[in-house]
Amino acid sequence: MSGVSALRDIHKKGVFGNHHKQEESSLLKISENSKLKIFQIVQYKKSKIEPKEIDGLKLPTTSLVVNANFDLTYNQTRVMWSGPRTWIVTSSKPNISDMVKESFNKEDFAVTDLSQSRSVIEIKGKNAKEILKKGCPLNFNDFKKNNCAASVFHGITIVIDMVDDEPDTFNLFCLRSFSESFYHAVTDSALENGYIGV
């Protein structure tokens, strides 16, 4: 049985907002990324082992850091630092669940599958940082590819993952129950410069 996206009946495809006299290629693109598997990994305080790699990636030990890779089919695994001894692993690889089980034993780690409890909105384009600045207090001028942070957007708690910088691409994670409000906050912020719902 597969899960139903929280934005299935909310996300609209097409061109919206102030897009007149602009090239479509320059417009921000907004989409839902419903194919990601999301796991939270927490190492128990009593655990003394060094965390293993997952999918060839080390677990970052400093804030803002994301370790990432691609395979030949463009499936990507990303490991985000979420707090001391706490990480978020996201991947579009079909076997990521098995990789997580192999890398993190239950004696040393608490593993939680967050895939059905989160919604992920991807925004891509040259104005992506400007959209985020409208509702989030972070300094996006210093945000770079493979940075991540937890923050708020118009009062909704989110996790921000900068996936690429050519063009600027962000995965924005929020609790499923807030996904509709969050989606409308993002799309309303994008109307000024126009956007494409993909």
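Worth saying up front: this structure is predicted, and the values here are computed from it rather than measured. (Residues numbered from 1 in each chain as written. Predicted model: local features only at pLDDT ≥ 70, side-chain atom pairs only at ≥ 80, totals over all residues. Heavy atoms only, no water.)

**Regarding the overall build of the protein chain**
Logical step 1: The helix and strand tally for the protein chain stands at three helices and 12 strands.
Logical step 2: For a compact globule of 198 residues, the expected C-alpha radius of gyration is about 16 Å, and the protein chain comes in at 17 Å, within 12% of that figure.
Logical step 3: Principal axes of the C-alpha set define a box for the protein chain whose edges measure 60 × 40 × 35 Å.
Logical step 4: When each of the 198 residues of the protein chain is scored for burial, the buried share is 44%.
Logical step 5: Once local pairs closer than 6 in sequence are excluded, the contacts in the protein chain between residues at least 24 apart make up 64%. (Helix = DSSP H or I, 4+ residues; strand = E, 2+ residues; numbered from the N terminus. Rg over C-alpha atoms; globule rule 2.2 N^0.38 Å. Buried < 20%, exposed > 50% of the residue type's maximum accessible area, 1.4 Å probe, protein only. Contact = heavy atoms within 4.5 Å.)

**Some thoughts on helix 1 (residues 96-103)**
Logical step 1: Along helix 1, the positions that sit buried rather than exposed are I96, M99, V100 and S103. Buried residues of helix 1, seen end-on, are gathered within an arc of 100° and therefore sit on one face of the element. In this structure, helix 1 carries K101 and E102 as exposed residues pointing more than 90 degrees from its buried face.
Logical step 2: At its buried positions, helix 1 is contacted by strand 3 (37-43), strand 5 (76-83), strand 6 (86-91) and strand 7 (109-113). (Arc of directions from axis to C-beta.)

**Quick word on the environment of H11**
Logical step 1: With respect to the element layout, H11 can be found in the segment before strand 1 (14-16).
Logical step 2: Distance from H11 to W87, taken between C-alpha atoms, is 29 Å for residues 76 residues apart in sequence.
Logical step 3: When residues no more than four places from it in sequence are discounted, the contact partners of H11 are I30, S31, E32, Y183, G197 and V198.
Logical step 4: Polar contacts involving the side chain of H11 include one to the side chain of Y183, which spans 3.0 Å.
Logical step 5: One polar contact links the side chain of H11 to the main-chain carbonyl oxygen of V198, over a distance of 2.8 Å. (Polar contact = N/O pair within 3.5 Å; in protein donor to acceptor, adjacent residues only side chain to side chain.)

**Concerning the nonpolar core**
Logical step 1: Of all hydrophobic cores here, the largest spans 27 residues; its most connected members are I30, I123, I160, F170 and F182.
Logical step 2: Breaking this core down by element, the ones donating at least two residues are strand 2 (28-32), strand 8 (118-124), helix 2 (128-133), strand 9 (148-153), strand 10 (156-165), strand 11 (168-175) and helix 3 (179-190).
Logical step 3: The biggest single contributor to this core is helix 3, with five residues.
Logical step 4: With residues up to four places along the chain from it excluded, the contact list for F170 reads I121, E122, I123, A128, K129, L132, F140, F143, I160, D161, M162 and V163.
Logical step 5: Core analysis: the next-biggest nonpolar cluster, separate from the first, contains 13 residues, F39, I41, L59 and V89 among them. (Core = buried A, V, L, I, M, F, W, Y, C linked by side-chain atoms within 4.5 Å.)

**Digging into the confidence of the model for the protein chain**
Logical step 1: Summing up the model confidence of the protein chain, the mean pLDDT is 94 and the portion of residues at 70 or higher is 97%.
Logical step 2: When the elements of the protein chain are averaged for pLDDT, strand 4 (residues 66-70) gives the smallest value, 91, and helix 3 the largest, 98. (pLDDT = per-residue confidence, 0-100.)

**Considering the pairing of strand 10**
Remember that side chains alternate between the two faces of the sheet whenever the strand is regular.
Logical step 1: Of the pairings in the sheet, the one linking strand 9 to strand 10 comprises six bridges and is antiparallel in character. For A149, the partnering residue across the bridge sits in strand 10 and is I160.
Logical step 2: Taking the residues that link successive antiparallel strands as the turn, the strand 9-strand 10 hairpin has two residues, and the phi of H154 there is positive, at about 50°.
Logical step 3: Sheet topology note: the strand 10/strand 11 ladder contains seven bridges and is antiparallel. (Pairing = 2+ DSSP bridges.)

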